[in-house]
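Examining the three-dimensional arrangement
Here is how the chains run, residue by residue.
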Amino acid sequence: DGSYNGASAIGRLGNEGNGGEFQLSKAFKSDNGAIWDVNVMIDHWGDEVNLKKAYAGVTNVLASNPDAYIWAGRDFHQRPQQGINDYFWMTHDGQGAGVKNFDIGGIKFDLATVAAVESCNPEVMEDETNPSRITCTGGSGTGDKGNYAITSKIHGMKLGPLDLELYANYGFDSKAVEGEDKLKAWQGAFVVSHSNDSGVNKVIARYSDNSDNSVYNKTDDLTTIYASFEGSHKFTQQAQIEYLLAFHDYDNSSIKSDNRKNYGVIVRPMYFWNDVHSTWLEAGYQRVDYDKGGDNSGWKLTLSQNISIAMGPEFRPMLRFYMTGGQVDNDRTARVNGTKEETLDDFNLGAMWEAWF
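Predicted model only: the values in this text are computed from it and were never measured. (Residues numbered from 1 in each chain as written. Predicted model: local features only at pLDDT ≥ 70, side-chain atom pairs only at ≥ 80, totals over all residues. Heavy atoms only, no water.)

Throughout the structure, instances matching the rule amount to 10 aromatic pairs. Measuring from ring centre to ring centre gives 5.5 Å for Phe 247 and Tyr 263, while their planes differ by 50 degrees; the resulting arrangement is tilted. You can see Phe 247 sitting in strand E14 (residues 239-252) and its partner Tyr 263 sitting in strand E15 (residues 260-272), a full 16 residues away along the chain. Tyr 263 sits in the partly exposed class, given a relative accessible area of 34%. In this structure, Arg 260 is placed above the aromatic ring of Tyr 250, and the distance from its NZ or CZ to the ring centre is 4.7 Å. (Phe/Tyr/Trp six-rings, centres within 6.5 Å; stacked < 30°, edge-to-face > 60°. Helix = DSSP H or I, 4+ residues; strand = E, 2+ residues; numbered from the N terminus. Buried < 20%, exposed > 50% of the residue type's maximum accessible area, 1.4 Å probe, protein only. Lys NZ or Arg CZ within 6 Å of the ring centre and 35° of its normal.)

Attention shifts here to the environment of Gln 286. Position of Gln 286 relative to the elements: it lies in strand E16 (residues 277-290). Residue Gln 286 is classed as buried on the basis of its relative accessible area, which comes to 6%. Residues Gln 286 and Ile 10, spaced 276 residues apart in sequence, show a C-alpha to C-alpha distance of 5.4 Å. Residues contacting Gln 286, with those up to four places away along its chain left out, are Ser 3, Asn 5, Ala 9, Ile 10, Asn 262, Tyr 263, Gly 264, Asn 296, Ser 297 and Gly 298. (Contact = heavy atoms within 4.5 Å.)

What follows deals with empty space enclosed by the protein. In this structure the tally under the stated criterion is one cavity of 30 Å³ or more. Taken together, Asn 5, Ala 9, Asn 85, Leu 244, Ala 246, Gly 264, Val 265, Ile 266 and Gln 286 form the lining of the largest cavity. Looking at the lining of the largest cavity element by element, the count peaks at three residues for E15. Taken together, the residues of the lining of the largest cavity sort by class into five nonpolar, four polar and no charged. (1 Å grid on protein atoms, 1.4 Å probe; cavity = no way out; pocket = protein on both sides within 12 Å on 5 of 7 lines; lining within 4 Å. Points joined across faces, edges and corners; volume = space filled by probe spheres on them. Nonpolar A, V, L, I, M, F, W, Y, C, P; charged D, E, K, R; others polar.)

The next subject is the environment of Ile 42. Inspection of the secondary structure puts Ile 42 in strand E2 (residues 35-44). The partly exposed category is assigned to Ile 42, whose relative accessible area is 38%. For Ile 42 and Gln 238, which are 196 residues apart along the polypeptide, the C-alpha to C-alpha distance reads 36 Å.

A few words now on the layout of surface pockets. Rolled over the atoms, a probe with the dimensions of a water molecule shows which regions are left empty. For the second largest pocket, the calculated volume is near 400 Å³. Considering the residues around the second largest pocket, the lining is formed by 27 residues, among which Ile 10, Asn 15, Gly 298, Trp 299 and Val 328 are closest to the centre. Within the lining of the second largest pocket, the residues separate by chemical class into seven nonpolar, 15 polar and five charged.

Following this line, the structure appears as structure tokens:
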């Protein structure tokens, strides 16, 4: 309870919900050389099917900047993701327009303005005039919610052997948001990474004012810091490992009862028997340390036998047969709720498939 380091902060392997995202894309080239793509995606994570993407983009259309990609519509926007804890350390999905990979002197710029999409909760309410009907369709409407973001990214920079990315975002509200609820937010971040033949290491640091990982969602007097170190290493072609250390500081100067720090570590050694079969073992630990009232903590261990299309953790589609065990102690939650402290144990066997192309 209280974790902010991702949907699977204790480890993603064998610890996900069912569902998926399904996308159709069409790319084509016009007679004048411009390269277009049109994309539509739906998702299905529960009872509702939602439209998540509907956008078009074009590149090779500016003679002075042929790599610039100009887009408009609804998209998964600026959502850099960490894999083994399934965390989008920034996310600004929505409707808008922008440009990516605009080249100035060998450095690439991304700039966009996006709006959060109006949504609702498809629950049957007892006090409705017709309680047998669900009156809305869930997570993605067509309207404008009133929360806006201006997002930017600078990338393609080299610091000797290191790659550097810089992010800066600003959030504001339109008149659709009630006057007293209107807030502004901003966030900045950098990513430093180093790659070689044996793998990659990456340091991420983000600071947010009046927000956490999205400037759409604002909380007055809130500041958050997220920092992580992640990477992968190939000892041999068969023996590889992925790892992550993460820290998250949530600090609200007005309402201090929920102030907390998250600490997480995940390690995933992998052995590839051949091009098709592999065995993975993932161990994860997470602690949510509240400034007042104790802490929550947990661990998870997953053993997974996999069948994939080629050798390496990045190749999909993949069939996975796994065994997961873990334990969570929500001590602080029990204290606040005035209930008896419980240790939650879990053991499960599962099979799944996943794919991306």
